[in-house]
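Architecture and fold: a report
Spelled out, the chains give:
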Amino acid sequence: MASVTLEHVKKVYDKNVVAVHDFNLQIKDKEFVVFVGPSGCGKSTTLRMVAGLEDISDGILKIGDRVVNDVEPKDRDIAMVFQNYALYPHISVYENMAFSLRLRKMDKEEIHRRVCQAAEILGITEYLGRKPKALSGGQRQRVAIGRAIVRDPAVFLMDEPLSNLDAKLRNQMRAEIILLRKRVDTTFIYVTHDQTEAMTLGDRIVVMKDGYIQQVGTPQEVFDTPVNLFVAGFIGSPQMNFLKAKLIQSGNGYSVELLGTTIPLNPDQNQALAAKGVKTQEIILGVRPEHTTVLFDNKENAIECTINVNEMMGSELHLHLSSQNKDKIIVRLPTVDLSKEQRAQLSYGNKMYITFPAKVMHLFDPTSEKNLIYG
Ligand SMILES: Nc1ncnc2c1ncn2[C@@H]1O[C@H](COP(=O)(O)OP(=O)(O)O)[C@@H](O)[C@H]1O
Ligand SMILES: [Mg+2]
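Residues numbered from 1 in each chain as written. Chains lettered and ligands numbered in written order. Predicted model: local features only at pLDDT ≥ 70, side-chain atom pairs only at ≥ 80, totals over all residues. Heavy atoms only, no water.

**Examining the overall build of the protein chain**
The criterion, for reference: Each helix is a run of H or I in the DSSP string that is no shorter than four residues. Each strand is a run of E no shorter than two, and both are numbered from the N terminus. Contacts are assigned to residue pairs that have any heavy atoms within 4.5 Å of one another. Counted as positive: Lys and Arg. Counted as negative: Asp and Glu. His and the chain ends are not counted at all. In this description, the location of a charge corresponds to atom NZ of lysine, CZ of arginine, CG of aspartate or CD of glutamate.
Of regular secondary structure, the protein chain possesses 10 helices and 20 strands. When its C-alpha atoms are laid out on the principal axes, the protein chain stretches across 75 × 50 × 35 Å. At a minimum sequence separation of 6, the contacts of the protein chain that also span at least 24 residues come to 67%. Taking the average place of the 46 positive charges on the side chains of the protein chain and the average place of its 45 negative ones, the gap between the two points comes to 4 Å.

Here it is in structure tokens:
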């Protein structure tokens, strides 16, 4: 058990490649924090600095109250699970799990107790005598996790542990990691490029891009109030729609004009924009596909679109639309409440009408790309 603190942490490779800039984060004891972002944004580098596998170019790293910048990995009380499992092929699952404990000269009975307990937690007891090559990908990943659990580390580090598994197994292992976390009550730092994994696993998620933290928050906070266009587009699937629009200030209220319609903002939005001194300006309007309202009857003040693609997903329909301005808009619609007639209206090539309630609209400045309210 331990907190992890990064203060102004920086990583420069080969004297000029800055992989991580001024990284500041306090991870609480027993917290599950996920670093998420596209490939190359510095997630692994940051994790490897915590593990002690990379030197820290600048800044301070603490585990608990201890500054560990110059502490050897083996003395940091951490355990790391890698994407490629990194098991020893020539020894059994049992010996793979016992390996680090034997190096520590731990008592044989204690090693046995820990290996059996970890195997039990992970459901791999029956494979303890096998060699890794006689296991499936999912089983190997469990052994890799087991090898970390037996060490009973203060901090658990995982770098894309599920990336090598197929989609079904990945979903299953994701659920198992949630259960594991309940049984192994310690601090976790988990790296992934997959926003779904980040959203489902993290107490807090750290969204990264180009070596910079973009936003830190609970999954709900990051989803509801993305601070900039990047976070808004990265979190959520299908991706948030972005439309050119105009924010109009009149009196003490604001409204959004787009595609021939005017949508007044709500009192909270008005107050927040006024407090920031925002004036009439061009904006990028963000609306999530699931927050779009399809109008079948009253088509006043609605946005007219043409249906380009109609993807039937069973419980929901994904409609790819283009507006009269050729803006692309994706709409996600539950099918359960649709009548036969309504479904027929939503066919390829037809015209349809949509709108957005003010509360689901995200307003971004086109130049700074910041959220005008939360950025
Ligand atoms: N050993 C290294 N030497 C030089 N550059 C590196 C090294 N490892 C990573 N990088 C660079 O640092 C950046 C961040 O990489 P990494 O932390 O692996 O990203 P991520 O894990 O988010 O995909 C990338 O631009 C990558 O090319
Ligand atoms: Mg990586």
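**A look at the layout of surface pockets**
Definition in use: With a 1 Å grid spanning the protein atoms alone, the term cavity applies to any set of points in which a 1.4 Å probe fits but cannot get out, the term pocket to an open set with protein on both sides within 12 Å along at least five of seven lines, and the term lining residue to any residue with an atom within 4 Å of a point. Grid points are joined across faces, edges and corners, and a volume is the space filled by probe spheres set on the points. When residues are sorted by character, Ala, Val, Leu, Ile, Met, Phe, Trp, Tyr, Cys and Pro go into the nonpolar class, Asp, Glu, Lys and Arg into the charged class, and all the rest, Gly among them, into the polar class.
Considering only enclosed or pocket space, the largest pocket measures out at about 640 Å³ in volume. Surrounding the largest pocket, 23 residues form its lining, Ile78, Ala79, Met80, Ser100 and Arg151 being those nearest its centre. Elements represented by at least two residues in the lining of the largest pocket include exactly strand S6 (78–81), helix H2 (93–103) and helix H4 (137–149). Here the element with the most residues in the lining of the largest pocket is H2; it accounts for 4 residues. Looking at side-chain class alone, the lining of the largest pocket contains 14 nonpolar, 2 polar and 7 charged residues.

**Description of the packing of H2 against H4**
So the rule is basically this: Helix axes are fitted only over the stretch in contact, all axes being lines through C-alpha atoms; the angle between N-to-C directions runs from 0 to 180 degrees. For classification purposes, an angle smaller than 35 degrees is called roughly parallel, one larger than 145 roughly antiparallel, one from 65 to 115 roughly perpendicular, and anything else oblique. The handedness criterion is simple: a crossing whose near helix is rotated anticlockwise from the far helix by less than a right angle is left-handed, and one whose near helix is rotated clockwise is right-handed.
Put simply, H2 and H4 touch, their axes get as near as 8 Å, and they point 30° apart. Relative to H4, H2 is oriented roughly parallel. Crossing handedness for the pair H2 and H4: right-handed. Together, Val93, Asn96 and Met97 of H2 and Val143, Gly146 and Arg147 of H4 make up the contact between the two elements. Partitioned by chemical class, the residues of the contact of H2 with H4 number 3 nonpolar, 2 polar and 1 charged.

**Notes on the domain arrangement of the protein chain**
Basically, it comes down to this: By convention here, the domain bounds are inherited from an automatic or database domain assignment. Buried area is calculated as the accessible area (1.4 Å probe) missing from two parts once they are joined, with the contributions of both summed. We define a salt bridge as a contact between a side-chain nitrogen of Lys or Arg and a carboxyl oxygen of Asp or Glu at a distance within 4 Å. N or O atoms closer than or at 3.5 Å make up a polar contact, with two conditions inside protein: a donor-capable atom paired with an acceptor-capable one, and, for residues adjacent in sequence, both atoms drawn from side chains.
Domain boundaries assigned for the protein chain yield domain 1 (4–230) and domain 2 (234–364). Summed over both sides, the interface of domain 1 with domain 2 buries roughly 1100 Å², with 74% coming from carbon and sulfur. Contact with domain 2 buries area across many residues of domain 1, yet Gln195, Phe223 and Leu229 alone supply 57% of it, more than any other trio. For the pair domain 1 and domain 2, the interface holds 0 salt bridges. Linking domain 1 with domain 2 are 3 residue pairs in polar contact (both at pLDDT 80 or more), by the criterion used here. For the side of domain 1 that touches domain 2, the elements supplying multiple residues, two or more each, are helix H6 (195–201), strand S9 (204–209), helix H7 (219–224) and helix H8 (229–234). Ranked by residues supplied to the side of domain 1 that touches domain 2, first place goes to H7 with 3 residues. Counted by class, the side of domain 1 that touches domain 2 contains 10 nonpolar, 4 polar and 1 charged residues.

**Some thoughts on the site of ligand 1**
Put simply, the rule reads: Distances are taken per atom, and a residue is near a molecule or strand as soon as one of its heavy atoms is within 4 Å of it. Methods summary: accessible areas were calculated by the Shrake-Rupley approach with a probe of 1.4 Å, and residue burial reflects only the protein chains presented.
Every residue close to ligand 1 is listed here: Tyr13, Asp14, Ala19, Pro38, Ser39, Gly40, Cys41, Gly42, Lys43, Ser44 and Thr45. One of the side-chain nitrogen or oxygen atoms of Lys43 is found 2.9 Å away from an oxygen atom of ligand 1. Ser44 is positioned such that a nitrogen or oxygen atom in its side chain is 2.8 Å from an oxygen atom of ligand 1. Look at ligand 1: alone it shows 560 Å² of surface, and the protein chains cover 61% of it. Of the residues forming the shell around ligand 1, the biggest block, 3 residues, is contributed by helix H1 (residues 43–51).

**Some details on the sheet that holds strand S5 (residues 66–67)**
The condition is simple: DSSP calls a pair of strands paired once it identifies at least 2 bridges connecting them.
Pairing is antiparallel in the open sheet, where 4 strands are placed in the order S2-S1-S4-S5. Both outer strands of the open sheet, strand S2 (17–27) and S5, are each paired with one neighbouring strand and no more. With 5 bridges connecting them, strand S1 (residues 4–13) and strand S4 (residues 58–63) associate as antiparallel partners. Each bridged residue has a counterpart across the sheet, and for Val4 the counterpart in S4 is Ile63.

**Quick word on helix H5 (residues 167–183)**
An α-helical turn contains 3.6 residues, so a residue and the one three or four places further along point in the same direction. The following threshold applies: A helix is expected to reach a length of 1.5 Å times the quantity of its residues less one. Whether a residue is buried, partly exposed or exposed follows from its accessible area with a 1.4 Å probe, protein chains only, as a fraction of its type maximum: under 20%, in between, or over 50%, in that order. The directions considered for the arc are those from the helix axis to the C-beta atoms.
Here H5 is 17 residues long and its end C-alpha atoms lie 25 Å apart, about the 24 Å a rise of 1.5 Å per residue gives. Among all positions in H5, only Met173, Arg174, Ile177, Leu180 and Arg181 are buried. Across the axial projection of H5, the buried residues extend over an arc of 120°, all falling on one side. Those residues of H5 that are exposed and angled more than 90 degrees off the buried face are Lys168, Leu179, Lys182 and Arg183. On the buried face of H5, the contacting elements are strand S3 (32–36), helix H3 (108–122), H4, strand S8 (187–192) and H6.

**Digging into the packing of aromatic side chains**
Each pair of aromatic rings is reported with the distance of its centres and the angle of its planes. Applicable threshold: Pairing of aromatic rings covers Phe, Tyr and the six-membered ring of Trp, with a centre-to-centre limit of 6.5 Å; geometry is then stacked below 30 degrees between planes, edge-to-face above 60, and tilted otherwise.
Taken as a whole and judged by the stated rule, the model has 7 aromatic pairs. Ring geometry for Tyr88 and Phe99: centres 4.6 Å apart, planes at 40°, overall tilted. Remark: Phe99 occurs in helix H2 and Tyr88 occurs in the loop between S6 and H2; sequence separation between them is 11 residues. Note on Tyr88: relative accessible area 32%, which makes it partly exposed. Through a chain of ring-to-ring contacts, the aromatic side chains of Phe32, Phe156, Phe188 and Tyr190 assemble into a single cluster.

**Observations concerning the environment of Asn241**
As for its placement among the helices and strands, Asn241 is situated in strand S11 (residues 241–250). With a relative accessible area of 5%, Asn241 lands in the buried category. Contacts of Asn241, omitting those with residues within four sequence positions, involve Leu285, Gly286, Val287, Arg288, Pro289, Thr292, Lys328, Ile329 and Ile330. Here the side chain of Asn241 touches Ile330 through a polar contact of 2.7 Å, landing on its backbone nitrogen.

**Things to note about the environment of Glu290**
With respect to the helices and strands, Glu290 occurs in the loop between strand S14 (281–287) and strand S15 (293–295). On the basis of relative accessible area, Glu290 is assigned to the partly exposed category, the value being 30%. Separated by 51 residues in the primary sequence, Glu290 and Gln239 place their C-alpha atoms 10.0 Å from one another. The contacts of Glu290, once residues within four sequence positions are left out, are Phe223 and Arg332.

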